[in-house]
Amino acid sequence: MYRPTTLRLASAHCPLAVDFYESNQAAFRDHFQVGIAAHDVLAAIGEHALTAMRQPTDQEIVELAERQVRSLITQGRSFEGRAEPPMRAEDAFAGAELAKRYASTEPWPTADAFYEAGYAFGAEWERLPYNAANRRFRLILDRLEFVEDSGEDYAGRLAVITEYKTAWPTDESELETLQTKAQAVAVWLVHGSGLDGIRRRVVNLRTGKTFADDLWFESGGREQIAAWQSEITDYMQALDTMTEYGRRPARPGVGCLGCPYSLGCDAKSIETDHISMAKRLAKLEGERAQLIKALKAATAESAITFDGTTVGYQVTASRTPKPGALTLMWLAWTAANGDVSGLLAALKPTMAMLSSVAKKLYPDSKEDQAAIVAQWSREEQGKEFGVHTKGGPA
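These remarks concern the structure in this document. (Residues numbered from 1 in each chain as written. Predicted model: local features only at pLDDT ≥ 70, side-chain atom pairs only at ≥ 80, totals over all residues. Heavy atoms only, no water.)

Some details on the pattern of salt bridges
Throughout the structure, instances matching the rule amount to 21 salt bridges. Ionic pairing is found between R199 and D214, a salt bridge with its closest N-O pair at 2.6 Å. One end of the pair, R199, is in strand 7 (residues 197–204); the other, D214, is in strand 8 (residues 210–216), and 15 residues separate them in sequence. It is possible to trace a salt-bridge network through shared partners that takes in R8, E163, K165 and E174. (Salt bridge = Lys/Arg side-chain N within 4 Å of Asp/Glu carboxyl O. Helix = DSSP H or I, 4+ residues; strand = E, 2+ residues; numbered from the N terminus.)

In structure tokens, the structure reads:
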């Protein structure tokens with residue numbers, strides 16, 4: 001049985017990660033907790049709008065968020081019938097804040113909408129009950145609504161699929177993932193006969209940006225979704241075939257970065273050439289990143305000491321300007337007959353300084369802040385050694 005999570009593990013990390021998922025191997029998933037909390041709060045707010053048949057008030061949004069947070073902290077959530085441990089308070093509160101900020105500006109549907117809706121399909125893509133034993137593929141939609149919409153060229157009934165993301169790098173490329181493609185396939189198979197098209201929306205809850213596209217059936221949308229269905233079918237068959245040789249193969253490399261199973265992975269990369277060495281470095285960087293996340297949590301109260309080595313937090317000392325340092329510096333400068341232009345030249349402005357001044361000049365406009373900083377600065381090319389993914393250094 002597959003789902004978007006397993007397909008993403010295979011494509012973003014490696015096929016062996018799917019084996020780890022299927023065997024319930026321990027995974028480092030702490031960084032998903034904020035997203036889980038945000039999803040729970042948004043679902044509660046959406047359901048409230050449906051029940052009340054009106055937009056939620058700001059006070060209701062706060063109260064609904066508080067209720068979900070209390071439940072997550074004291075009981076944990078239940079996912080697909082499995083109870084999960086109580087969530088860290090910091091993660092629950094952080095997720096709730098993201099949800100409240102988005103919910104306060106988002107128009108909420110008061111009818112024809114569903115939250116956390118589950119869909120399951122058999123080997124021939126026939127609709128099955130979500131927990132059917134013979135299911136081949138299943139998924140959950142964060143939010144699904146049905147609207148009447150029109151544009152310059154098309155008009156009709158649209159299914160709008162909204163996917164919430166809390167990862168900072170989330171951008172329009174998310175619309176090209178197997179997850180969002182599979183969402184369109186599921187809605188098309190179940191509801192397509194009563195639709196004229198499907199709109200996919202991906203919301204970055206960190207930045208507040210929304211990325212979307214429309215698939216009108218009369219303009220190639222049906223054919224596009226059918227092609228995605230074929231892609232997913234072929235990929236699941238390929239993952240099945242891999243199991244004929246035992247466990248699925250590993251793909252050491254940049255996919256190890258961020259993989260939730262990198263700490264327990266026993267895949268090796270033999271250093272026979274420079275490419276293999278590069279893959280091994282990427283794998284080690286992935287393990288290192290997950291170790292740091294785990295050990296930061298483990299050493300929050302006290303460090304771990306062994307063989308004369310300490311791992312954890314330690315007190316460091318550094319110097320920082322005193323309050324009024326600029327005034328004292330100016331007095332000393334003028335006492336030495338220095339002028340303003342000379343002092344400004346000696347200060348050697350940094351990008352942090354430019355940003356700080358821009359915020360004072362334009363406290364309510366990040367666009368104006370960015371524009372003025374762009375006028376004051378220039379881009380310089382440099383180079384940095386490391387393991388680099390699509391978004392930059394790992």
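Quick notes on the pairing of strand 8
As judged from the seven bridges shared by strand 7 and strand 8, these two strands associate in the antiparallel manner. Across the sheet, G197 pairs through a bridge with W216, a residue of strand 8. Hairpin connection of strand 7 to strand 8: five residues between the antiparallel strands, including G208 at a positive phi of 80 degrees. (Pairing = 2+ DSSP bridges.)

Quick look at the side chain of E163
Assignment of secondary structure puts E163 in strand 6 (residues 155–165). Within the structure, E163 has its side chain in polar contact with the side chain of Q179 (distance 3.1 Å). With residues near it in sequence (within four places) discarded, E163 still touches D142, Q179, Q183, R201, V202 and V203. (Polar contact = N/O pair within 3.5 Å; in protein donor to acceptor, adjacent residues only side chain to side chain. Contact = heavy atoms within 4.5 Å.)

Quick look at the layout of surface pockets
Roughly 300 Å³ of volume is contained in the second largest pocket. Forming the boundary of the second largest pocket are F28, D30, H31, R88, D91, I292, K293, K296, A297 and A300. The greatest single-element share of the lining of the second largest pocket, amounting to four residues, is contributed by helix 8 (residues 274–298). Across the lining of the second largest pocket, the residue classes break down as four nonpolar, one polar and five charged. (1 Å grid on protein atoms, 1.4 Å probe; cavity = no way out; pocket = protein on both sides within 12 Å on 5 of 7 lines; lining within 4 Å. Points joined across faces, edges and corners; volume = space filled by probe spheres on them. Nonpolar A, V, L, I, M, F, W, Y, C, P; charged D, E, K, R; others polar.)

Remarks on helix 3 (residues 33–52)
Compared with the 28 Å implied by 1.5 Å per residue over 20 residues, the 29 Å span of helix 3 between its first and last C-alpha is a close match. Most of helix 3 is tucked away, with 16 of its 20 residues classed as buried. Two residues or fewer after helix 3 comes M53, characterised by a positive phi angle close to 55 degrees. (Expected span 1.5 Å × (residues − 1). Buried < 20%, exposed > 50% of the residue type's maximum accessible area, 1.4 Å probe, protein only.)

Focus on the packing of helix 6 (residues 178–191) against helix 7 (residues 221–242)
Between helix 6 and helix 7, the shortest axis-to-axis distance is 9 Å and the interhelical angle comes to 115 degrees. Along this stretch, helix 6 crosses helix 7, giving a crossing that reads as left-handed. Residues L178, K181, A182, A184, V185, W188 and L189 of helix 6 form the contact with helix 7, whose participating residues are R222, I225, A226, W228, Q229, E231, I232 and Y235. Split by residue class, the contact of helix 6 with helix 7 holds 11 nonpolar, one polar and three charged. (Axes fitted to C-alpha atoms, helices over the stretch in contact; angles between N-to-C directions. Left-handed = near helix turned anticlockwise from the far one by under 90°.)

A closer look at helix 6
Counted at 1.5 Å a residue, the expected span for helix 6 with its 14 residues is 20 Å, and the 20 Å between its end C-alpha atoms agrees. Across the 14 residues that make up helix 6, a large majority, 11, are buried. Of the positions making up helix 6, those classed as buried are L178, Q179, T180, K181, A182, Q183, A184, V185, A186, V187 and W188.

Some points on the sheet that holds strand 3 (residues 113–121)
Taking strand neighbours across the sheet as the criterion, the six strands line up as 4-3-5-6-7-8 in an open arrangement whose pairing is mixed. Each edge of the open sheet carries a strand with a single partner, namely strand 4 (127–128) and strand 8. Here strand 3 runs beside strand 5 (residues 137–150); their pairing, made up of eight bridges, is antiparallel. What sits directly across from Y115, in strand 5, is R143. Against the sheet, helix 7 touches strand 5, strand 7 and strand 8, its axis set at about 110 degrees to strand 8.

Description of the nonpolar core
Core analysis: the largest hydrophobic core is formed by 40 residues, its most contacted members being F137, I198 and I225. For this core, the elements supplying multiple residues, two or more each, are helix 1 (4–13), helix 2 (15–22), strand 3, strand 5, strand 6, helix 6 and helix 7. A total of seven residues in this core trace back to one element, the largest contributor, which is helix 6. Beyond its immediate stretch of four places on either side in the chain, F137 contacts Y2, R3, P4, L7, Y119, A120, F121, W125, A182 and M236. Ranked by size, the runner-up nonpolar core spans 28 residues in total, among them I45, L64, A65 and A103. (Core = buried A, V, L, I, M, F, W, Y, C linked by side-chain atoms within 4.5 Å.)

Structural notes on the state of the cysteines
Tallying each qualifying case throughout the model produces zero disulfides. C14 carries a free sulfur, and the closest cysteine sulfur to it, the one in C265, is 6.1 Å from it. Accessibility expressed as a relative area gives 11% for C14, which makes it buried. In this structure C259 is a free cysteine whose sulfur lies 6.2 Å from that of C14, the closest cysteine sulfur available. Take C259: its relative accessible area is 8%, and that puts it in the buried class. (Disulfide = S-S within 2.5 Å.)

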